[in-house]
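Survey of secondary and tertiary structure
Here is how the chains run, residue by residue.
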Amino acid sequence: MGAIFKKEFKSFFTSPVGYFVLALILALSGYFFTGYNLVGGSSELSGVYGSVFSLVLVLVLPILTMRLFSDEKRQRTDQALLTSPVSLTSITLGKFFAALLMFAIGMSITLVFSLIIAFQVTPDWMVIIGNYLGMMLMGGMVIAIGLLISCLTESQIIAALGTAATAFVLTMLDSLSYMFSSNKILTDVIGFLSVTGRYNDFTTGIINYDNIIFFLSFQALFLFLTVRVLDHKRWS
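Here goes a summary of the coordinates provided.

Thresholds, definitions, all that
- Residues numbered from 1 in each chain as written.
- Predicted model: local features only at pLDDT ≥ 70, side-chain atom pairs only at ≥ 80, totals over all residues.
- Heavy atoms only, no water.
- Helix = DSSP H or I, 4+ residues; strand = E, 2+ residues; numbered from the N terminus.
- Rg over C-alpha atoms; globule rule 2.2 N^0.38 Å.
- Axes fitted to C-alpha atoms, helices over the stretch in contact; angles between N-to-C directions.
- Parallel < 35°, antiparallel > 145°, perpendicular 65-115°, else oblique.
- Left-handed = near helix turned anticlockwise from the far one by under 90°.
- Contact = heavy atoms within 4.5 Å.
- Nonpolar A, V, L, I, M, F, W, Y, C, P; charged D, E, K, R; others polar.
- Core = buried A, V, L, I, M, F, W, Y, C linked by side-chain atoms within 4.5 Å.
- Buried < 20%, exposed > 50% of the residue type's maximum accessible area, 1.4 Å probe, protein only.
- Salt bridge = Lys/Arg side-chain N within 4 Å of Asp/Glu carboxyl O.
- Patch = residues over 30% accessible without salt bridge, like charges linked within 9 Å, V, L, I, M, F, W, Y side chains within 5 Å.
- Areas by Shrake-Rupley, 256 points an atom, 1.4 Å probe, with all protein chains shown as cover.
- Phe/Tyr/Trp six-rings, centres within 6.5 Å; stacked < 30°, edge-to-face > 60°.

**Some words on the overall build of the protein chain**
Within the protein chain, the regular secondary structure consists of 13 helices and zero strands. Start at the N end of the protein chain and walk to the C end: the helices and strands fall as α-α-α-α-α-α-α-α-α-α-α-α-α. Rg of the C-alpha trace for the protein chain: 19 Å, near the compact-globule value of 18 Å for 236 residues, within the 12% margin. Expressed along its principal axes, the backbone C-alpha trace of the protein chain runs to roughly 55 × 50 × 30 Å.

Here is the structure:
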């Protein structure tokens, strides 16, 4: 897994993808911090985190994950990868953690804003910690989804659009619960799957272990499905 992780993480900086992702996160976070805090005079950072992260889900993470497997297929190196002595689980986890670390580095840029606010007032550090934990957990789930979609197609554009569409639908699940409010069973199912509701708990500084297990479980599910798809490709 270590070799795959190093190769994938290094590839982000040997291509424009890594620099573009970091620049996009920096531009988005700087824009919202200026609007909410510097111009608006607010010392709260939750609005900045929420606004930035909602765009990161549908814009940045699809770009980050679109090439992880589809590029291997496009360059016809996927068979060499699948028949290498490295296990499929290690290949999947290596690519997943490389993308997750890249995402974490990008989001860590916003820590500067917390330090700027700390010079003026004492920020609520539990809210800040909760925001970062929520972003890593939900972002990790979308990265796992993007990894699965990337291994299903050799088109990076299709992989990016599929991941973006899935992330958008996940954020809109709460709206669906209002549409089907007359159906209690369906409303309960949507409520259980509501990633936005679970993420919002973190943004208020509430660290709920059920929510942590929920996101980690779905990450594991999509990574498992990716391994199964790769295993099918290996023997087909």
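**Points about the packing of helix α2 (residues 16-39) against helix α3 (residues 46-65)**
One can describe the packing of α2 onto α3 by two numbers: an axis separation of 9 Å at closest approach and a directional angle of 160 degrees. In terms of orientation, α2 lies roughly antiparallel with respect to α3. In the crossing of α2 with α3, the sense of the turn from one axis to the other is right-handed. Mapping the contact onto sequence places Val17, Phe20, Val21, Leu24, Ile25, Leu28, Ser29, Phe32, Phe33, Tyr36 and Asn37 in α2 and Gly47, Val48, Ser51, Val52, Leu55, Val56, Val60, Ile63 and Leu64 in α3. The class makeup of the residues in the contact of α2 with α3 is 16 nonpolar, four polar and no charged.

**A word on the nonpolar core**
Phe12, Leu45, Val56, Leu61, Leu64, Phe103 and Phe215 are the most contacted members of the largest nonpolar core, which has 66 residues in total. In terms of residues, this core owes the most to one element, helix α8 (residues 125-150), which gives 13 residues. Among residues more than four places away in sequence, those in contact with Phe12 are Val17, Gly18, Tyr19, Leu64, Arg67, Leu68, Ala98, Ala99 and Met102.

**Here's the deal with the environment of Gly2**
Inspection of the secondary structure assignment puts Gly2 in helix α1 (residues 2-13). Take Gly2: its relative accessible area is 39%, and that puts it in the partly exposed class. Along the chain, Gly2 and Met136 lie 134 residues apart, while their C-alpha atoms are 21 Å from each other.

**As for the pattern of salt bridges**
Evaluation of the coordinates by the stated rule reveals four salt bridges. One salt bridge in this structure joins Arg67 and Glu8, with 3.7 Å as the shortest N-O distance. Of this pair, Arg67 sits in the loop between α3 and α4 (70-74) while Glu8 sits in helix α1; the two residues are 59 residues apart in sequence, bridging distant segments of the chain. Assigned by exposure class, Arg67 and Glu8 land together as buried. Of the charged contacts in the structure, one is a salt bridge between Lys95 and Glu8, with a shortest N-O distance of 2.5 Å. Placement of the pair is Lys95 in helix α6 (residues 88-108) and Glu8 in helix α1, with a sequence separation of 87 residues.

**Things to note about a nonpolar patch on the surface**
On the surface, a nonpolar cluster with roughly 630 Å² of combined accessible area is contributed by Leu115, Phe119, Trp125, Met126, Ile129 and Ile207. Among the elements that line the nonpolar patch, the one with the most residues is α8, at three residues. If you trace the backbone, Trp125 turns up in helix α8.

**Let's talk about the packing of aromatic side chains**
The relation between two aromatic rings is expressed through the spacing of the ring centres and the mutual angle of the planes. Inspection of every chain in the model, using the stated rule, returns 14 aromatic pairs. Summarising the aromatic geometry, the rings of Phe5 and Phe9 are spaced 6.1 Å apart at their centres and angled 10 degrees between planes, so their arrangement reads as stacked. Note that Phe5 and Phe9 are positioned in helix α1 at a spacing of four residues, about one turn of the helix. Looking at Phe5, the relative accessible area reads 24%, which means it is partly exposed.

Don't take any of this as a statement about function, it's just geometry.
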